[in-house]
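Report on the structure
Listed below are the residues making up each chain.
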Amino acid sequence: MSDHHEPEIGADGFEKLAHPVSVKFMVGILGALLFLTFLTVGVSYFDIGRSGNLFVALFIATAKASIVALFFMHLRWDKPFNAVILIASFAFLLLFIAFVVLDSGEYQHELIPMDKPYQTDQFELPG
Amino acid sequence: MNPPETGTAAPVAEAPAVPHHYLNHSKGFLSWALTLDHKRIGIMYLIGVLSCFALGGMFALLLRTELWAPGDTIAGIFVKKGGTKTAQDIYNMWFTVHGAVMVFLVIIPGVPAALGNFVLPIMLGAKDVAFPRLNLGSFYLWCLGAIFFILTLFMGGVDAGWTFYTPYSAITSTAVIPALVGVFILGFSSIFTGMNFIVTIHKLRPPGMTWFRMPLFLWGSYATAVIQVLATPVLAITLLLLIMERTLHVGIFTPEYGGDPVLFQHFFWFYSHPAVYIMILPAMGIVSEIISVHSHKRPFGYQFIAYSSVAIAIFGFLVWGHHMFTSTQSPAMNAIFSAITFSVSIPSAIKVFNWLATMWGGSIRLTVPMLYGLSFIFLFSIGGLTGLYLGTLSTDVHFHDTYFVVAHFHYVMMGSALIGMFGGLHHWWPKMTGRLYNGKLARIAWAFVFVGFNVTFFTQFLLGSQGMPRRYYDYLPRYEIYHKISTIGSYMMAVGFAIMGVYLLQSIFGGKKAPANPWGANTLEWHCTSPPPHDNFKTPPAIEDCYDYSGIDYDPAIGGYTSRANPPK
Amino acid sequence: MSEHETQTGHGDGHAHAHHPSQSHHWDTMRQQFEAGKLGMWLFLATEILFFGGLFCAYFIYRANHPELFEYGHHALNKEMGAINTVVLLVSSLTMALGVRAAQTGNTKQLKLMLLVTFLCGCGFMGIKYFEYSAKINHGYLLGSMFNYSKVKDHEREARDHAAENAHAAHAESVFGAPAVPVVVPAEKSVFVDAARQPSGLAPEVREMHAEDHGADSHGADSHGADSHSGDSGGHSEAGLLPVDGRPPNIHIFFSIYFMMTALHGIHVVIGMGLMLWLFFISGDNRFGPSYFTPVEVTGLYWHLVDLIWIFLFPLLYLI
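This structure is a prediction, so every number in the text was calculated from the model and none was measured.

About the cut-offs
Residues numbered from 1 in each chain as written. Chains lettered and ligands numbered in written order. Predicted model: local features only at pLDDT ≥ 70, side-chain atom pairs only at ≥ 80, totals over all residues. Heavy atoms only, no water. Helix = DSSP H or I, 4+ residues; strand = E, 2+ residues; numbered from the N terminus. Buried < 20%, exposed > 50% of the residue type's maximum accessible area, 1.4 Å probe, protein only. Contact = heavy atoms within 4.5 Å. Areas by Shrake-Rupley, 256 points an atom, 1.4 Å probe, with all protein chains shown as cover. Phe/Tyr/Trp six-rings, centres within 6.5 Å; stacked < 30°, edge-to-face > 60°. Lys NZ or Arg CZ within 6 Å of the ring centre and 35° of its normal. pLDDT = per-residue confidence, 0-100. Buried area = accessible area lost by both parts, 1.4 Å probe. Salt bridge = Lys/Arg side-chain N within 4 Å of Asp/Glu carboxyl O. Polar contact = N/O pair within 3.5 Å; in protein donor to acceptor, adjacent residues only side chain to side chain. Patch = residues over 30% accessible without salt bridge, like charges linked within 9 Å, V, L, I, M, F, W, Y side chains within 5 Å. Pairing = 2+ DSSP bridges.

Here's the deal with the overall build of chain B
Scanning chain B from terminus to terminus reveals 16 helices and four strands. Looking at chain B residue by residue over its 569 residues, the buried ones come to 64%. Put simply, 80% of the contacts in chain B that link residues at least 6 apart link residues at least 24 apart. For chain B, the exposed area adds up to about 19500 Å²; of that, 72% sits on carbon and sulfur atoms.

So this is what it looks like as structure tokens:
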């Protein structure tokens, strides 16, 4: 609350809260996003292993998401706490997914097929 | 929508006989139903929460009565001739309704939404919460969720347990979906309250109210709000998936459709373990206030108590797997979760020791709130320490799904969270209503509740350690004596709560007028009149050290305390 | 949404006048603006965790049963997904420009940008509609609505037989009667089990089946494609699942696909509603440098919807 700069007063006599970014810059950002979209589609045609494709796709998606958050969502110029919220939510999501995936080794490896009759001898119990 | 009557009210009234406050600010049903005043919303929440507490408590009494003796006791009465439901089914519905109502409708909204709404902005020195409309909206969401719960009762009840574990919850023929929709809606109510509190604390602190000048209750509420915002959405999606599982068999959680039930438990406990801290953290905040005020002494280790609230909130996200030690979770995960579980005891112990040190050398007055505060420390210690047995992998295998678990979480949920809430209710009752309650009756009620609680639930530790499984309708004769003692204890509690209802109602209609500051506290809510005025503060209050009791003097003429820094206006 | 009443009885010695959009409990417009933004960011955090549950389900099944995804993604149309990504990205730009127009007080441009964003949303949902209807036509639906007969031919006969059984069983079908799956002989296929599924299912299966015979052009279409793709083994004709190599429980892939995209689609529709709302309230130069909170927070919401799609697209379409 104490970290305010000198308020800039607008034409209507009130403080100006906005710091508009140039249109050119915004269009440039869209260009970057479109480029990354074509890149991720292009990469998907090459087989670089099961996890290879997944990681590349996730990496590009994260880059795109960061660009959207930083520039379209103004985090680049915003209070750092808003960025903290975004990062924290992703961190907690990662925590959730990581723990659950870590535990998934124990899950039944053979799914019980819903479209097939259930037969007890079809499945081995783990361990 | 918002009555801006500030301009019209002042000039007309000349020396009003009745001082202006939020209760007589405007009249009529709509002035309550459409109010944006956080105090009125808090009061409406309080009425709702206490009604639901009575409802859940009635089901608890039914459960205990059924367990009075082996075999059918009273559940059989509710069996319809020619119906498909047996007495056992009826019992299953009772404990499900008891659990779900108490958790989702009473404890989770109890302290933050009811007491927090009333107290938090005033304590902070703000005029209202950040988003008053959203606040009213979350109250109506709570009502809608409650309606769905009542609906399930009329749609044949639900018997999946409050945890809704798959596969059973996906295939039982009872009214699971309305209950899930109810919890889903309640979740959003809780999220919006949490959002509101975080923004309020960040953006509405008046100049001078720095983070480390905030009363400890606000720290507790802040930590709670963080959990509400980060954990509750996962519950929402879990319930949505479960609804999809039931209706369309999407195959995520139920083995029959190709899914995995352990995955459901991960999803569920990722929310529901942090939810335990949603329940307990604000109660801890209340106790921090009560212990300091009624010992008339600055809290020992203020910063430690404040940080430990945040630490508990964060640790709370890392321990959900300790509910799943026997659910074929992998051994590595069991070890990790067990280890982190023990680390939660560090911030919890920090709080307990700091409360004890706060009382050391203070001028302790055994007021009614203080009795509840002391009970909290005692019961929370038992609840916390028995949690260590359950966090240990080897002993948990023995105790899992026995009455030991039931006793443990009742010590934490009821003995701590609810006792803390009732402590806060008694602490702020004079502020909310402007009336004093009958101290003698209140002490008698407290004695019934405290003794009854221990008789009920300590016995259950013994039951559980001897192997009595939870959620069973029937039991072997060797457990009978314990069950009988436990049931007697529950009746004692019922008597205590009935007395409480009587003297609280009586105080509203004929209680003595409360002074602005009956306890000698120095947090901001005690600097405005009892009950507080509509806008909380006519002029921005002077923010000073809220735990400095040196400037607080007793004034026998008004029967309360006055502050030298903020003299009465 | 915001208050037009000028609060007079404030009396706390503020030198400046009150902005018409300032609520009584805020001291300054900046405080109100920052609070609104903080509140929206917190809401977005809850949205991320809300979707996160579905992402978690996705990753669990992707990690344990990658074959579901490798097989199932043949039914998805990469090109349509890519076009939709572009549409959403463009709408994000127009939204950002809309926020900029609000910040500079250019109401005309703001309205234009809101309209374009709204139309982009319509375009997105339109493409979604075509994608969904293709899947629905092929019986590639979520959960027990998935039409397995579209995938493998020899089950069709069994199903013919079973549909009659299911019809008979429908009369006595009980909602989730036995907790344990019934052991049935192998030749009687799943649709005997229709008896223990919600009563809505059995007729639906028959209906699909009937439509399948009636609208034969479609049936032939899929047959032809099936036999082709069976030979080639790998890539099938766009939008159709190959016959061979079907992993069990492929419906889980479609469950995840439909739930993720539908939840996202609901958010898009809500966002479009917000665009219209802003469009109608933005007259009279309401928004300007000192007050544009509603546009700003709606923009944040819209960008988050875009951000989630940025993850959904490669995870579902590009496998």
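A word on the packing of aromatic side chains
Enumeration over the complete set of coordinates arrives at 78 aromatic pairs over all chains. When the ring of Phe313(C) is compared with that of Tyr317(C), the centres are 5.7 Å apart and the planes differ by 40°; the resulting orientation is tilted. What makes Phe313(C) buried here is its relative accessible area of 0%. Look at Tyr317(C) and you get buried, because its relative accessible area is 1%. The side chain of Lys78(C) reaches across the aromatic face of Tyr45(A), ending 3.9 Å from its centre.

Some details on the confidence of the model for chain C
All names here are of chain C. Per-residue confidence for chain C gives a mean pLDDT of 75, with 67% of residues at or over 70. Across residues 1-15, confidence stays below pLDDT 50; counting only partners more than four residues off in sequence or on other chains, it has 26 contacts. The low-confidence segment residues 171-236, where pLDDT is below 50, has 88 contacts with residues more than four positions distant or belonging to other chains.

Some words on the environment of Tyr482(B)
All names here are of chain B. The residue Tyr482 is located in helix 16 (residues 480-510) in this model. In the structure, Tyr482 is positioned 24 residues away from Phe458 in sequence and 9.8 Å away in space, judged by C-alpha atoms. Non-local contacts of Tyr482, meaning those with residues more than four positions away in its chain, are made with Thr459, Leu462, Leu463 and Gln466.

Concerning the interface of chain A and chain C
The partner chain C presents 77 residues to the 64 residues of chain A that form the contact. Both sides of the chain A and chain C interface together cover about 6300 Å² of buried area, and 74% of this is carbon and sulfur. One can count two salt bridges joining chain A with chain C. Linking Glu15(A) and Arg30(C) is a salt bridge whose minimum nitrogen-to-oxygen distance equals 2.6 Å. Across the contact surface, chain A and chain C share eight residue pairs in polar contact (both at pLDDT 80 or more). Counting residues per element, the ones that place at least two in the side of chain A that touches chain C are helix 1 (23-43), helix 2 (50-72) and helix 3 (80-103) of chain A. Top element by residues in the side of chain A that touches chain C is helix 3 of chain A. It accounts for twelve residues.

Some remarks on a nonpolar patch on the surface
All names here are of chain B. A cluster of nonpolar residues, Phe342, Leu385, Leu388 and Tyr389, forms a patch on the protein surface that exposes about 360 Å² of accessible area. The element that contributes the greatest number of residues to the nonpolar patch is helix 12 (residues 368-391), accounting for three residues. Along the chain, Phe342 falls in helix 11 (residues 331-359).

A closer look at the side chain of Asn117(B)
Residue and element names in this part refer to chain B. With respect to the helices and strands, the residue Asn117 is situated in helix 4 (residues 87-124). Owing to a relative accessible area of 0%, Asn117 belongs among the buried residues under this scheme. Side chain to side chain, Asn117 and Asn135 meet in a polar contact 2.8 Å long. Other than its neighbours up to four places away in sequence, Asn117 contacts His38, Ile41, Gly42, Tyr45, Pro112, Val129, Asn135 and Phe197.

Topic: the pairing of strand 3 (residues 552-555) of chain B
As a general feature of sheets, a regular strand has side chains that alternate between the two faces. All names here are of chain B. In this sheet, strand 4 (residues 560-563) lies alongside strand 3 in antiparallel orientation, the contact comprising four bridges. Across the sheet, the residue bridging to Ile552 is Ser563, located in strand 4. From the end of strand 3 to the start of strand 4, which pair antiparallel, there are four residues, and Gly559 there has a positive phi angle of about 70°.

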